[in-house]
Amino acid sequence: MGKITPEVRVIIEKHQYNKQLRKYSDMHFFNDNSYFRRVNSNKDVEHARASIYNRFDQYKKVYPLVRDDIEDMERAAAQFEIAVRKVIQNFDNPNTDFNYSVEELQGLIDSVFECQDKVNEAAIRKAMQD
């Protein structure tokens, strides 16, 4: 359980209602809270991060990309977005086990935006192949 310091509070207030952190999760998991409920620890968040980065590595070697490949990456990015949003919303909730420093929390948020950019790049790559 993390303690909310003033630096963490600034990050939470800045990103708690940020719609950019919901780009793919609203598209693929709107009104579906099943994944949100399963994220309760740093391990769950790291699993979501590893999942999306593994897909990037996997699809880097695939040619030609098809629409299902892009949707798979979008869904993995959506799960990572949901995991990071849960950390932001429940940073000091006693029922969760999130232990992130200020730098790690900001790094998670930056990773979400990086993943969104990589999914966009893959979609552009697919469009160029068509």
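See the structure shown above.
Described below are features of the structure shown in this document.

**Structural notes on helix 6 (residues 102–129)**
Given a rise of 1.5 Å per residue, 28 residues ought to cover 40 Å, and the 41 Å separating the end C-alpha atoms of helix 6 matches this to within 8%. Among the residues of helix 6, those classed as buried are Leu-105, Leu-108, Ile-109, Ser-111, Val-112, Cys-115, Gln-116, Val-119, Ala-122, Lys-126 and Gln-129. Against the buried residues of helix 6 lie helix 1 (6–15), helix 4 (42–60) and helix 5 (67–89).

**Considering the packing of aromatic side chains**
Counted according to the given criterion, the structure contains one aromatic pair. With centroids separated by 5.8 Å and ring planes inclined at 85 degrees, the aromatic side chains of Tyr-53 and Phe-56 adopt a geometry described as edge-to-face. Here Tyr-53 pairs with Phe-56, and both are found in helix 4, just three residues apart, close to one helical turn. The pair formed by Tyr-53 and Phe-56 is uniform in burial state, with each residue classed as buried.

**Here's the deal with helix 1**
Among all positions of helix 1, only Val-8, Ile-11, Ile-12 and His-15 are buried. Within helix 1, the buried residues cover an arc of 95 degrees as seen down the axis, which keeps them to one side. Residues of helix 1 that are exposed and angled more than 90 degrees away from the buried face: Pro-6, Val-10, Glu-13 and Lys-14. On its buried side, helix 1 packs onto helix 5 and helix 6.

Definitions and cut-offs
Residues numbered from 1 in each chain as written. Predicted model: local features only at pLDDT ≥ 70, side-chain atom pairs only at ≥ 80, totals over all residues. Heavy atoms only, no water. Helix = DSSP H or I, 4+ residues; strand = E, 2+ residues; numbered from the N terminus. Expected span 1.5 Å × (residues − 1). Buried < 20%, exposed > 50% of the residue type's maximum accessible area, 1.4 Å probe, protein only. Contact = heavy atoms within 4.5 Å. Phe/Tyr/Trp six-rings, centres within 6.5 Å; stacked < 30°, edge-to-face > 60°. Arc of directions from axis to C-beta.

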